[in-house]
Amino acid sequence: MRFEDIPGLGEVKKLLTEAVKTNHSAHAQLFVGGEGALNLPLALAYATYLHCENKGDDACGVCAACSKNLKYIHPDTHFVFPLSNVKGEKDEERLKADITKSWRSFLLEQPFGNLDDWCNFYGGEDKLSIISKDASREIIKTLALKPFESKNKVMIIWQPESMHPAAANGILKILEEPSPNTYFILVTNAADQLMPTIISRTQIVTVPLLTDEELEAYLRDKQGVDQAAAGRIVQLADGNINLALKLIGEEQDNSTEFFTQWMRACFAHKYGTLVNMAEEYHALDKLTQRNIITYSINMMRETLLFQSGAQSINRTRGEERDIFLG
């Protein structure tokens, strides 16, 4: 992953690259973003940039270090991530190798995926995924070794809020006093769940969600989505690129029609219709249910903005503006 592979976030990218160029990179950074923010891809791109042998405004993408980082096999980039109990009959070393292989495949196939996607990918769905208490010993053991190829060692800890308390406490000392040229990148979607002692030892990098314009441009230019469909997806995704990509493969969205019928039935006090609609909604899959609720919340918000005179920040367009705002 390189910075150019990530849409938007120009200011954050510049902040990270300038820090490396001027030798002011913090040894421990906390990439904070809401659900759907690109903080994991940003951490991967940052690791590539730190190892790159011919870096400019971005990693070169062709040197030996970049080639390995783009496949997530660089020996000086290490990963810690949540897992459920999937030991089964496999011995520990074989299990570790299989999980590492699955993790690399996941990053290649779903670079914008979330924790649920990861759990489904390796078969840990419906089980609690955590970073075990043994993780801190593994981190310390790994970072005690000298770098194999690069001058830098990078440790990416994804979802640190899922760390067992013993693991979190176990890394406090090395997080505060790492060996030279060692960089910790913690990637979280729930900073409020982290221990204060973890937060106090890291430099916070806030990763915002994509703007509607950035997301729509990505869908059109990189995914080949036509403008009308991209506009509908953007309104449902609300800056969440992972959700937007899932919506591309969905059948024609009927959220506008459903919401229109729902509001008209409420206004006319058609209780029988509302009961039938509730049963129809209950029969839908979870993603479609989520889309309808998200769309409805957005439309109520936009209607209130319009009625309050805030037309300048209203996001409704085309058919929706004609139906709901007149």
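Quick look at the structure, then.

Calculation criteria
Residues numbered from 1 in each chain as written. Predicted model: local features only at pLDDT ≥ 70, side-chain atom pairs only at ≥ 80, totals over all residues. Heavy atoms only, no water. Buried < 20%, exposed > 50% of the residue type's maximum accessible area, 1.4 Å probe, protein only. Helix = DSSP H or I, 4+ residues; strand = E, 2+ residues; numbered from the N terminus. Polar contact = N/O pair within 3.5 Å; in protein donor to acceptor, adjacent residues only side chain to side chain. Phe/Tyr/Trp six-rings, centres within 6.5 Å; stacked < 30°, edge-to-face > 60°. 1 Å grid on protein atoms, 1.4 Å probe; cavity = no way out; pocket = protein on both sides within 12 Å on 5 of 7 lines; lining within 4 Å. Points joined across faces, edges and corners; volume = space filled by probe spheres on them. Nonpolar A, V, L, I, M, F, W, Y, C, P; charged D, E, K, R; others polar. Axes fitted to C-alpha atoms, helices over the stretch in contact; angles between N-to-C directions. Parallel < 35°, antiparallel > 145°, perpendicular 65-115°, else oblique. Left-handed = near helix turned anticlockwise from the far one by under 90°. Contact = heavy atoms within 4.5 Å.

A word on helix α12 (residues 241–248)
Line of reasoning, step 1. Along α12, the residues classified as buried are I241, N242, L243, A244 and L247.
Line of reasoning, step 2. With a side-chain oxygen positioned 3.1 Å from the backbone nitrogen of N242, the residue opening α12 is N240.

Some points on the environment of K127
Line of reasoning, step 1. Take K127: it is sitting in the loop between α5 (115–122) and α6 (135–143).
Line of reasoning, step 2. Note on K127: relative accessible area 46%, which makes it partly exposed.
Line of reasoning, step 3. Along the sequence, K127 and L83 sit 44 residues apart, while their C-alpha atoms lie 8.9 Å from each other.

Some remarks on the packing of aromatic side chains
Line of reasoning, step 1. For the structure shown, the criterion picks out 15 aromatic pairs.
Line of reasoning, step 2. On the basis of an interplanar angle of 85 degrees and a centroid distance of 6.2 Å, the ring pair of F259 and W262 is categorised as edge-to-face. Of this pair, F259 and W262 both sit in helix α13 (residues 255–267), 3 residues apart, which is roughly one turn of that helix.
Line of reasoning, step 3. Its relative accessible area of 27% is what places W262 among the partly exposed residues.

Structural notes on helix α11 (residues 227–237)
Line of reasoning, step 1. Buried residues dominate α11, accounting for 8 of its 11 residues.
Line of reasoning, step 2. Inspection of α11 places A229, A230, G231, I233, V234, Q235, L236 and A237 among the buried residues, and these make up the whole buried set.
Line of reasoning, step 3. One side-chain oxygen of the residue at the start of α11 lies 3.1 Å from the amide nitrogen of A228, identifying that residue as D226.
Line of reasoning, step 4. Following α11 by one or two positions, D238 has its phi on the positive side, about 55 degrees.

Description of empty space enclosed by the protein
Line of reasoning, step 1. For the structure on display, the rule yields 1 cavity of 30 Å³ or more.
Line of reasoning, step 2. By volume, the largest cavity amounts to about 110 Å³.
Line of reasoning, step 3. Along the walls of the largest cavity sit 13 residues, with A37, N39, F112, G113 and N114 positioned nearest its centre.
Line of reasoning, step 4. With 3 residues, the single largest contributor to the lining of the largest cavity is helix α2 (residues 39–51).
Line of reasoning, step 5. Per-class residue counts for the lining of the largest cavity are 6 nonpolar, 6 polar and 1 charged.

Some words on the packing of helix α10 (residues 212–223) against α11
Line of reasoning, step 1. α11 packs onto α10 with a crossing angle of 135 degrees between their chain directions and a minimal axis gap of 9 Å. Of the possible angle classes, the one that applies to α10 and α11 is oblique. Taken as a pair, α10 and α11 cross one another with a handedness that is right-handed. Counting all contacts with α10, which are made through D212, L215, E216, L219 and R220, the residues of α11 involved are Q227, A230, G231, I233, V234 and A237.
Line of reasoning, step 2. A per-class count over the contact of α10 with α11 returns 6 nonpolar, 2 polar and 3 charged.

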